[in-house]
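Chain residues, written in single-letter form:
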Amino acid sequence: MDRLVNTVRPYAWGSTTAIPELLGVRPTGEPQAEMWMGAHPGAPSRVDRGTGPVALSEVIAADPEGELGADAVSLFGPRLPFLLKVLAAASPLSLQVHPDLEQAKEGYADEEERGVPADAPHRNYKDANHKPELICALTPFNGLCGFRDPNEAAELLAALEVDSLKPYVDILHAHPESHALREVLTAVLTADPEAMTETVRQAAAAAERLGALDGPHAPAYAAYASIAQHYPGDPGVIAAMLLNFVTLQPGEALYLGAGVPHAYLDGLGVEIMANSDNVLRCGLTPKHVDVPELLRIVRFESAAPAVLRPEADPSGEELYTTPIGEFRLSRHVLADGAAARPLPATGPQILLCASGEVSLRGADGELPLKRGESAFVPAGEEVVLGGDGTVFRATVTA
């Protein structure tokens, strides 16, 4: 087992205080958005096995089966198939969607064949993998996830009393669900920029007014008004109003599969995802928005957000159940004096201490972890978890 030294990414939307507080260090005053734990080539964690710090990606590349296990290599190739993060949002992230595995393979192959440079700003597919993800709240966490029922979306838009939104309201009422959502999203993202800027301005002012009133949709209106303050004139503000607003309480999680439009708004959470960089944006960003490709990827169907709560097994492990194999996220809530818990050794593991202090005991000794610290456990290595705190365990599905 190895203690991980991790990189914190300073994206502009990040909180200046949440990750430093988790790590017990002094804030720098700059945004600290994500702490990455894993072997992603963009910012791999580092380990030291006695010869100095080495990227975890290099350690795995030198002995994939020894570090990941033969089964994981057979299923997912010779690299760690997931990336674990602590995500700290102080302002909204971009509105985005991820392709499924077949779409990612097709899109990547097409752009490779057409010679689109890997670093081109209009490139959609950085790799040939899908990117399902799960966010688990450590604090109250706000986000947008999936389409609302078109009639409910129409009601929300109509209440704003903005003339330029009325055609969208009519479409949402008049068409079958998939056609209505597709037509409105297309119209929003392809509208005249100057006209859309004015529409967003009026809609934001109305949302701010409605968000200050009592009502079932007041939190959503307040969120839309806040989004507009960060992205004035962006068509994504109107697109966001088609989506479900959701607040996760600590310990609750949200699974985001392929084709589901979403955006994180604010809060601190533990995020796990398949190891991919494939993101198609729908707005709330100055980056490229490829509307035709986006329309091919988005699933135009409404559904209430599937908020997950951990399910405990007899060992005390609490699992967040998801339908994919690249990652499996669970947590252990340990009390002082409780019996230590052996952890299965079937696949590679990353363990993150989210609160308290815990320890890992293995054949080579003991590794203590304080709040915010993490460790990598290679496949086949048996460890026992003890202490007083909460630990998130990331691995692959057995």
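Residues numbered from 1 in each chain as written. Predicted model: local features only at pLDDT ≥ 70, side-chain atom pairs only at ≥ 80, totals over all residues. Heavy atoms only, no water.

In the nomenclature of an unreviewed UniProt entry, the chain is known as mannose-6-phosphate isomerase of Streptomyces yatensis. Of the chain, the UniProt comment under Sequence similarities (unreviewed entry) reads exactly: "Belongs to the mannose-6-phosphate isomerase type 1 family." (UniProt positions renumbered as here; feature names shortened; annotations may be inferred.)

Scanning the chain from terminus to terminus reveals 12 helices and 22 strands. For 398 residues, the compact-globule formula gives about 21 Å, and the C-alpha radius of gyration of the chain, at 22 Å, lands near that figure. The C-alpha extent of the chain, read off along each of the three principal axes, is 70 × 50 × 40 Å. When the 398 residues of the chain are sorted by exposure, 54% land in the buried category. Of the roughly 16900 Å² that the chain leaves accessible, carbon and sulfur atoms contribute 52%. (Helix = DSSP H or I, 4+ residues; strand = E, 2+ residues; numbered from the N terminus. Rg over C-alpha atoms; globule rule 2.2 N^0.38 Å. Buried < 20%, exposed > 50% of the residue type's maximum accessible area, 1.4 Å probe, protein only. Areas by Shrake-Rupley, 256 points an atom, 1.4 Å probe, with all protein chains shown as cover.)

What follows concerns the packing of aromatic side chains. One pass over the full model with this rule turns up 3 aromatic pairs. With centroids separated by 5.8 Å and ring planes inclined at 35°, the aromatic side chains of Tyr 11 and Trp 13 adopt a geometry described as tilted. Overall, the relative accessible area of 28% leaves Tyr 11 in the partly exposed class. Relative accessible area serves as the criterion here: at 14%, Trp 13 is assigned to the buried category. (Phe/Tyr/Trp six-rings, centres within 6.5 Å; stacked < 30°, edge-to-face > 60°.)

Close contact between helix H7 (residues 166-174) and helix H8 (residues 177-189) brings their axes to 8 Å; oriented N to C, the two are set at 160°. Our classification of the angle between H7 and H8 gives roughly antiparallel. In the crossing of H7 with H8, the sense of the turn from one axis to the other is right-handed. From H7, Tyr 168, Ile 171 and Leu 172 reach across to H8, where they touch Ala 180, Leu 181, Glu 183, Val 184, Ala 187 and Val 188. (Axes fitted to C-alpha atoms, helices over the stretch in contact; angles between N-to-C directions. Parallel < 35°, antiparallel > 145°, perpendicular 65-115°, else oblique. Left-handed = near helix turned anticlockwise from the far one by under 90°. Contact = heavy atoms within 4.5 Å.)

Moving on, we get to the pattern of salt bridges. Following the criterion strictly, the structure yields 17 salt bridges and no others. In this structure, Arg 296 and Glu 106 form a salt bridge, with 3.6 Å as the shortest nitrogen-oxygen distance. Of this pair, Arg 296 sits in helix H12 (residues 291-297) while Glu 106 sits in helix H5 (residues 101-113), placing them 190 residues apart in sequence. Across the pair Glu 293 and Arg 296 runs a salt bridge, and its minimum N-O distance is 2.9 Å. One end of the pair, Glu 293, and the other, Arg 296, are both in helix H12, 3 residues apart, so they sit about a helical turn from each other. For Arg 296, a relative accessible area of 37% corresponds to the partly exposed category. (Salt bridge = Lys/Arg side-chain N within 4 Å of Asp/Glu carboxyl O.)

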